[in-house]
Amino acid sequence: MDGFLADAADFSRFYRAHSRSLLVFFARRTFDVQVALDLTAETFAQAFAGRRSFRGRSDAEAGGWLFAIARRQLARYFEEGAAQTRMLARVAVEAPVAPPAELERIDELAGLDVLRPAVREQLALLESGHRDALRLRVVDEQPYSLVAAALGITEHAARMRVSRALKSLAEALHG
C-alpha cells in the first residue's frame, strides 16, 4: 500500500493525533456532546473509507483534509439533523448514548460550561430583531421565508439579520 494514510497503523496514529481536536470542534459548534461524538465517529469513518485516495504527504495536509470532511459532516448535520430527530421520535427509537462520565469529560474538554453562559449573555445583548431572527432560524430551524413572515420583513432582511447576529456573536466570543 502506498500513500500517507494507507497503512492501518498510520491511520491509527492519525486518529490519535486528531480525534480530540475534532471532538472539541464539533462540541463547540453543536453544544451537544453526544452529537459531537457521533459526528467525530462519522468523520473518521468517511476519512478511513477515503484514505487511499488521499494524496497528501504530511500530517498537516491530512489534518486539513480531515477538517474539510468534518465541515461537510457538520453542514449535513445542520441540514438534516432536525428531520432525523423528528423521525426518530416518531418511530420511538432511541439513539445510543455515551456514559455520563464520558459526556462530562467532553463537555469539560470543549469548555462548554464557560461557552454556554457566554453565548446566553451575548444573545441578551443583541438587538431584539436580530435575536428574534437568529432564534427563529437557528434554534427553531425555520426557513428564511418563515423567519421573514414571522418578523414582518423581507427574506433578504431576515438573512441579513441572522448573518449580523451570528457575526456579532462570533466576534464577541472570539475576542
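Residues numbered from 1 in each chain as written. Predicted model: local features only at pLDDT ≥ 70, side-chain atom pairs only at ≥ 80, totals over all residues. Heavy atoms only, no water.

Each helix and strand counted, the chain has eight helices and zero strands in total. Mapped from its N terminus to its C terminus, the chain presents α and β elements in the order α-α-α-α-α-α-α-α. Taken across its 175 residues, the chain has 34% of its residues classed as buried. When contacts within the chain are restricted to residue pairs at least 6 apart in sequence, those whose partners lie at least 24 apart make up 64%. Counting every atom, the chain has about 11,000 Å² of accessible surface; 54% of that belongs to carbon and sulfur. (Helix = DSSP H or I, 4+ residues; strand = E, 2+ residues; numbered from the N terminus. Buried < 20%, exposed > 50% of the residue type's maximum accessible area, 1.4 Å probe, protein only. Contact = heavy atoms within 4.5 Å. Areas by Shrake-Rupley, 256 points an atom, 1.4 Å probe, with all protein chains shown as cover.)

The next point concerns the packing of aromatic side chains. Applying the stated criterion to the full structure yields nine aromatic pairs. Taken together through their ring pairs, the aromatic side chains of Phe11, Phe14, Tyr15, Phe44 and Phe48 make up a single cluster. Above the face of the Phe48 ring, Arg51 is positioned so that its terminal group lies 3.7 Å from the ring centre. Cation over ring: Arg137 sits above Tyr144, and NZ or CZ is 4.4 Å from the ring centre. (Phe/Tyr/Trp six-rings, centres within 6.5 Å; stacked < 30°, edge-to-face > 60°. Lys NZ or Arg CZ within 6 Å of the ring centre and 35° of its normal.)

Let us now look at the side chain of Gln73. Within the fold, Gln73 resides in helix α3 (residues 59–90). Those residues within four positions of Gln73 in sequence are excluded, and the remaining contacts are Phe26, Leu39, Glu42, Thr43 and Gln46.

Another point: the packing of helix α1 (residues 8–30) against helix α4 (residues 100–110). α4 packs onto α1 with a crossing angle of 85 degrees between their chain directions and a minimal axis gap of 9 Å. Considering the angle they form, α1 stands roughly perpendicular to α4. Mapping the contact onto sequence places Arg20, Leu23, Val24, Ala27 and Arg28 in α1 and Ile106, Leu109 and Ala110 in α4. Within the contact of α1 with α4, the residues separate by chemical class into six nonpolar, no polar and two charged. (Axes fitted to C-alpha atoms, helices over the stretch in contact; angles between N-to-C directions. Parallel < 35°, antiparallel > 145°, perpendicular 65-115°, else oblique. Nonpolar A, V, L, I, M, F, W, Y, C, P; charged D, E, K, R; others polar.)

Further remarks concern unusual backbone geometry. Backbone geometry at Phe31 places phi at a positive 60 degrees, although glycine is not the residue there. On the secondary structure map, Phe31 appears in the loop between α1 and α2 (33–49).

With respect to the secondary-structure elements, Gln122 resides in helix α5 (residues 112–125). Excluding anything up to four places from it in sequence, Gln122 contacts Leu169, Ala172 and Leu173.

Now for the nonpolar core. One finds Phe14, Leu22, Phe25 and Phe26 to be the most contacted residues of the largest nonpolar core, which totals 28 residues. Of all the elements in the fold, those that place two or more residues in this core are α1, α2, α3, α4 and α5. With eight residues, α1 is the single largest residue contributor to this core. When near neighbours in sequence (up to four residues on either side) are disregarded, Phe25 contacts Phe67, Ala70, Arg71 and Leu74. With 11 residues, the next largest nonpolar core counts Leu134, Val147, Ala148 and Val162 among its residues. (Core = buried A, V, L, I, M, F, W, Y, C linked by side-chain atoms within 4.5 Å.)

Geometric descriptors of this kind do not, in isolation, establish any biological role.
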